[in-house]
Amino acid sequence: MEGGHWIRGVVDEILARNDERIVIHTGKTPSGPIHIGAEREQFICSAIERELRRRGYDSTFNFIVDSFDPIKSIPAGLQVPKGFEEHIGKPLSDVPDPFGCHASYAHHFAEEFIACQERLGLSPNIIYSHELYAKPEMKGAVRTVLRRLDDLRAIRREFIQSDDEEGSTDVWNPVMVVCERCGKIASKKKDVAPNRVAAWDLDRDEISYSCTSCGYEGTGRISDLRLKLSWRVDWTAKWAVFKVTCEPAGKDHCVKDGAYDMGLAVCQRIFGYRGPLRVSYEWLTLGEHAMKTHKGITFTPMEWLRVAPPEALRYMILSVDPMRHIAFLPDRIPDIVDNFDRLERIAYRAEEPAGVETRAYLEDLYAMCTVGSRPESLPARLPYRFAVTTCQLEPLLGWGKVVSKSASYAARLYSRGSLTEAELGDLKARLSMAKNWVASYAPPRLKFQISSAAPSYRASSETERRFIEAVISMLERDMNEDDMQNEVFNTARSLNLDMGRAFSAVYRALLGSERGPRLGPLLMALDREWAISRLRSTL
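None of these values were measured; they are calculated from a predicted model. (Residues numbered from 1 in each chain as written. Predicted model: local features only at pLDDT ≥ 70, side-chain atom pairs only at ≥ 80, totals over all residues. Heavy atoms only, no water.)

1. Quick word on the pairing of strand 11 (residues 246-250)
Looking along a regular strand, one sees side chains alternate from face to face of the sheet.
Here is step 1: Of all the five residues making up strand 11, five are buried; the element is thus mostly covered by neighbouring parts of the structure.
Here is step 2: Both faces of strand 11 are covered, namely the face carrying Cys246, Pro248 and Gly250 and the face carrying Glu247 and Ala249. (Buried < 20%, exposed > 50% of the residue type's maximum accessible area, 1.4 Å probe, protein only. Helix = DSSP H or I, 4+ residues; strand = E, 2+ residues; numbered from the N terminus.)

The structure is reproduced here in structure tokens:
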């Protein structure tokens, strides 16, 4: 963590290229719900863009929606109309939206993802590949591929030593055609079989093809037919067309002699462009499971924004070196959010870095994580863990009292007389997020319900009575949650009361159950008079 954020080194390499224009690229195939793993690539591009801007350089940030790829399967768990499988093999942009609310299947899932990006602090140019392939630049790339096919096959042999999913290199042709009769670009039986160009005459600008799905044999002009390059060459052609400066890629593509190396060779030797700077990154997984759209293993950006603030997602991803694996589980969200709040306090000099942390690194990281304009002064934030406890008191206190108690707590925590309108809006949003998180992801130990009925529990010994009386005394004083938590521990020890039995006594009195959330925050969140009355009723 010496010095600034790791993105500075990436930007140093970008500027050393001395490109006429700095173009940053990323992309995704909208084959189903797009998971938060895709944000790792997005945020790397966003961080590059921000660091360039900090140094006074303009850049262009493009997000390619690979909408021209064929649909290969229906993702697990996705409810589609009867007979929808008939669309398999068509370009995603030609497949109808199964929910009937967007122009196509591709637009539905792409726009669901894109709609979250501004809220996550990104504003890339959106480019749909089915529209891009109709433009002269990509038609020209197709002609270049056909003209240099022998050279392209020779490059492919250098990197792919045996037949792969695209077939033998000797007969391989990366130009795919959308069938004019059935509308498919590939058939899918056991494996995907694309419609390849069978013959071509560049002088006449004509090609012929045979459809692997319906058997139709067609001939047409390159300028008129709907043509696409297979993915390795497609990727490279876009680098050349847009003169891409940098494109991050997953570790699987960046291994030696992998797709990125082959892409650079094709870019340089076929298209005459040196290719982009690569930034390799490791996977972001859902626990131990790789997030895979087709298997239905996803956690989407939209779902994140339902349960947590956008800055916390940027923090989770950008605080980790790109080549370190991130194993995310939704039950970690309270820690992630509260750790972002700590980063913010350090950035505003309200808290000091700890251990090996350096202020330069943490201040750079905070700049990468903010969404919108940076606040002029440190915002008062409601700790997410406190929100998790307080939001569950709504049936007892009502929403208005939950908000007012939370606001008082946040104001006291940040030494404020009261919160600003912006801080109060942020607090209400956090309470709503925490409420959603509790309903969907909270482990049983953090969930509770308070009955309005008086508890049946009664203190079973003089020691328990003295302990509960001590807790009542704590509530009558003005204490913060950490001091209260510590005093509960110390009181139980001083009375030689078993710690589990001590906490159970309070939980049974307040919640009617043996266990509950962290006691300090719970006692702070409850209405003081109600809690004192409830505890006294057990004596």
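2. Quick notes on the nonpolar core
Grouped burial of nonpolar side chains is what soluble globular proteins tend to show.
Here is step 1: If you look at the biggest cluster of nonpolar residues, it comprises 112 residues, and the most contacted ones within it are Ile48, Trp304, Met316 and Phe328.
Here is step 2: In contact with Ile48, other than residues within four places in its own chain, are Ile7, Val10, Val11, Ile14, Ile24 and Cys246.
Here is step 3: Counting 50 residues, the second-largest nonpolar core is a separate cluster that includes Ile160, Val175, Met176 and Val233. (Core = buried A, V, L, I, M, F, W, Y, C linked by side-chain atoms within 4.5 Å. Contact = heavy atoms within 4.5 Å.)

3. Considerations on the sheet that holds strand 8 (residues 206-210)
Here is step 1: Here we have three strands laid out as an open sheet, ordered 7-8-9, and antiparallel in their pairing. Two strands lie at the open edges of the sheet, namely strand 7 (197-201) and strand 9 (217-221), each paired on one side alone. Looking at each pair of strands side by side, their axes are set apart by 15° on average, direction ignored.
Here is step 2: Inspection of the sheet shows strand 8 paired to strand 9 by five bridges, in the antiparallel sense. Looking at the pairing, Glu206 lines up with Arg221 of strand 9. (Pairing = 2+ DSSP bridges. Axes fitted to C-alpha atoms, helices over the stretch in contact; angles between N-to-C directions.)

4. Details of the packing of helix 16 (residues 399-413) against helix 17 (residues 421-440)
Here is step 1: It is the contact of helix 16 with helix 17, at a shortest axis distance of 10 Å, that shows an interaxial angle of 120°. As summarised for this structure, helix 16 and helix 17 are arranged oblique, according to the angle between their axes. By crossing handedness, the relation of helix 16 to helix 17 is classed as right-handed. Counted together, Trp399, Val402, Val403, Ser406, Ala407 and Ala410 of helix 16 and Leu424, Leu427, Lys428, Leu431 and Ser432 of helix 17 form the full contact between these two elements. (Parallel < 35°, antiparallel > 145°, perpendicular 65-115°, else oblique. Left-handed = near helix turned anticlockwise from the far one by under 90°.)

5. Some words on the packing of helix 6 (residues 149-159) against helix 9 (residues 259-269)
Here is step 1: At a closest axis distance of 10 Å, the pairing of helix 6 and helix 9 adopts a crossing angle of 155°. The orientation of helix 6 with respect to helix 9, classified from their angle, is roughly antiparallel. Between helix 6 and helix 9 lies a crossing of right-handed hand. For the pair helix 6 and helix 9, contact is made by Leu152, Ile155, Arg156, Glu158 and Phe159 and by Asp261, Met262, Ala265, Val266 and Arg269, respectively.
Here is step 2: Looking at the contact of helix 6 with helix 9, its residues break down into six nonpolar, no polar and four charged. (Nonpolar A, V, L, I, M, F, W, Y, C, P; charged D, E, K, R; others polar.)

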